[in-house]
Amino acid sequence: MTRTITPRLRTLVLLFLAVTGALLAGAGPASAHAALTGSDPAQGVVVPKAPDQVSLTFSENVSLNDDSIRVLDPKGKRVDLAKPDSLTGTTYGVQLKSGLGNGTYTVAWQVVSADSHPVAGAYTFSVGAPSATVASVGDQGAGGGVVGWLYGFGRYMSYAGFIVLVGGAAFVLACWQRGSGVQALQRLVVGGWLTLTAATLWLLLLRGSYTTSGSFGDIFDLDLLGQVLQTKTGAALVSRLLLLAAAALFIAVLFGAYDKREEGAEKRDLTFGLAIGGTVVAAGLAASWAMAEHASTGLQPGVAMPVDVVHLLAVATWLGGLSALLVALYRAPADLPVDSTAVRRFSRVAFGSVVALIGTGIYQSWRQLGSWSAFTDTAYGQLLLVKIALVALLVGIASVSRRWTARLADTAVTEADAEADAGAGAGAEAASNAEAGEPVAAAAEEKETVKASAATKEAAVRSGASGAEPSAKGASDEAESAGKAASDGNGPADPDRAAQLARQQAAKDAARQKRVRDADPHRFGLRRSVLAEAGVAVALLAVTTVLTQTEPGRTEQDAKATASAASSSSSSASSSSSGALTLDMSFDTGGKDGKGVVRVDLDPATVGLNEMHVYVQRPNGRAFDIPEVKVAFTLAAKKVGPLPVAPDHVTTGHWAANGVQIPMAGDWQVSVTVRTSDIDQVTVSKNAQIG
């Protein structure tokens, strides 16, 4: 029974599309890798007079453009002047117009973090007193929408192309040098190069829209493209394209001059040269990611970038070599099957890659998380746990493949050997006939008759139980005609027909050799286990792509702590100067996207009528819109309450209520009920002296 790869490849393609679509669609906007840790004026504060400027402080350096920080008055008109500037360190500011009136002002910001990911948000402050109307800026999620999804898909394809290109070439050079002449492997490596090149150009075009407007129509905006080329990410993408030109030359030599070289000292020298040159180009390609993403910022970038390069090369050598082995096992020609020596070499190379992967992965995990709690308390840590589980599964399947490799038998029976034996037998028979005085032509006729009979039997076997007796008869007739023509000594009258018969015979011989080779149960078992590895690798690559777009756990927790400290100091200052009360409470509804911080501002926090503002934020400080927020006040000592308050939604993450009546002074319990979905809600509370 002849086995085919087509359905299995179709399954891998479908798995790739399903996993990528689910992860990228579920990822939504790119998570903020730079978090807002402070602002002046602070969020929700009421200042007696209009400030001269608005300043924002982030957890890391960010890139700005003319519209990175916008300040809108209560009617939605811009009141900021000129371009935002860097003030000190990670603090950036924009000047405001003079003579601003009272009311609530909205600060909307969108910047690009040092690791190349866009981040956006908005908050409000008031001058004199809050106004009844507040400018609406909509959802400030950056890097989302269609453009964000396309950018994420481009990142996935660039990783996939890099892995196939580097791993496939490494497999040929290090494990199976005879494979340089196998067309299926050539197509695989060239396909990896084309995929990486196309994905890099695609990312370069999308980059401007991805980090600014998010509009599909801005993809081909040349002004945006010019701005992208001046950024760190743009320089990295251009460098990658230049290195891909060198990679094209490497591929041409590997599958051209190298394949034609005979075994010897000259080919060994060329192998060494290709190995050195290929390693340099591959390291350069890996560095184009390391110099522009997570490794380039944060803790120990000088160590993290080389470690990231080694990590990427180890992944490519393992998973890319795995894809090359899969193609070789299924698509190598019958006369050039991948041998057990090549498989064992790859097994050793893969083991070394896994060791490097584990070592560099441990360092990266420590650097990006910083604590054990970040594994479960941050999105980055949870994704990393999924990745670790997939790697463990992949290593487990690889151990099964190693056992099949140890038992693999090289079953490569060539038709040439059989024909040599048949030719020797026919020669002996002809010599015997000649000694007996029989004409040589008779011996030739008998030989052709035997060939015709063999062709008839082969045709019958091919038709099998499908009832193809006419086909067998046709093959018999063709064979008999060929035999008679040969016995007449005239040969086939039509040279095209003769060539066709020769091709048919060659195809038959190749199929027979493939059946003999595939009959080895160990080789078949290795195929199945390698195919399973490739399936897990597709999912692993998708998770890795989403992981690179997620805010590192260490950054998220540091930003949360800094924001909390800034909030406490701000609320203390606000209380001492104006008598307002600010309470911050963390919540967790237990559902998806159910964590955050709710802030209640009560002004002037005295007996009588008060104004209340409620702000809901994600753990990283971004405004968080949820279905419902309710507040209740209880004075347990006097058995008053709970007094419910239903604030009105003002803008993203902001609710407000006027005329909140506090009947008497005392230690009031302020309870906030937060609902993040139809079924997920929680009530958090905190006591405070009011009046």
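Every value quoted in this text rests on a predicted model; they were computed, and no experiment measured them. (Residues numbered from 1 in each chain as written. Predicted model: local features only at pLDDT ≥ 70, side-chain atom pairs only at ≥ 80, totals over all residues. Heavy atoms only, no water.)

**Student:** Please provide a residue-by-residue account of the nonpolar core, values included.
**Tutor:** Grouped together as the largest cluster of nonpolar side chains are 82 residues, with contacts concentrated most on F162, L165, F171, W176, L185, L254 and L319. Contacts of F171, omitting those with residues within four sequence positions, involve W176, L185, G321, A324, L325 and F346. By size, the runner-up hydrophobic cluster in this structure holds 30 residues, among which are F587, M612, F633 and L635. (Core = buried A, V, L, I, M, F, W, Y, C linked by side-chain atoms within 4.5 Å. Buried < 20%, exposed > 50% of the residue type's maximum accessible area, 1.4 Å probe, protein only. Contact = heavy atoms within 4.5 Å.)

**Student:** Kindly report on unusual backbone geometry, identifying the contributing residues and their values.
**Tutor:** Phi is mostly negative for residues that are not glycine, and the peptide bonds are mostly trans. The omega angle of the peptide bond from D603 to P604 is 10°, so this bond is cis rather than trans. Relative to the elements of secondary structure, P604 occurs in the loop between β11 (595-603) and β12 (608-617). Following G641, the chain continues into P642 via a peptide bond in cis, with omega recorded as 10°. Phi at D593 takes a positive value of approximately 55°, unusual for a residue other than glycine. Take D593: its relative accessible area is 43%, and that puts it in the partly exposed class. The phi dihedral of K639 is positive, around 55°, even though this residue is not glycine. (Helix = DSSP H or I, 4+ residues; strand = E, 2+ residues; numbered from the N terminus.)

**Student:** How would you summarise the packing of aromatic side chains if you had to cite specific residues and measurements?
**Tutor:** Applying the stated rule across the entire model yields 10 aromatic pairs. Judged by centre distance (5.2 Å) and plane angle (15°), the rings of Y159 and W289 are stacked. Taken together, the residues span a long stretch of sequence, with Y159 in helix α2 (residues 145-174) and W289 in helix α7 (residues 265-290) at a distance of 130 residues. You can call Y159 buried: its relative accessible area is 7%. The class for W289 is buried, based on a relative accessible area of 4%. On the basis of an interplanar angle of 40° and a centroid distance of 5.9 Å, the ring pair of Y363 and W366 is categorised as tilted. You can see Y363 and its partner W366 sitting in helix α9 (residues 340-369), 3 residues apart, about one turn around the helix. A residue is classified by how much of its surface remains accessible, and W366, at 42% relative accessible area, is partly exposed. Among the aromatic residues, those joined into a cluster by ring pairs are F58, Y92 and W109. Positioned above the aromatic ring of Y258 is the side chain of K267, whose terminal nitrogen or guanidinium carbon lies 4.9 Å from the ring centre. (Phe/Tyr/Trp six-rings, centres within 6.5 Å; stacked < 30°, edge-to-face > 60°. Lys NZ or Arg CZ within 6 Å of the ring centre and 35° of its normal.)

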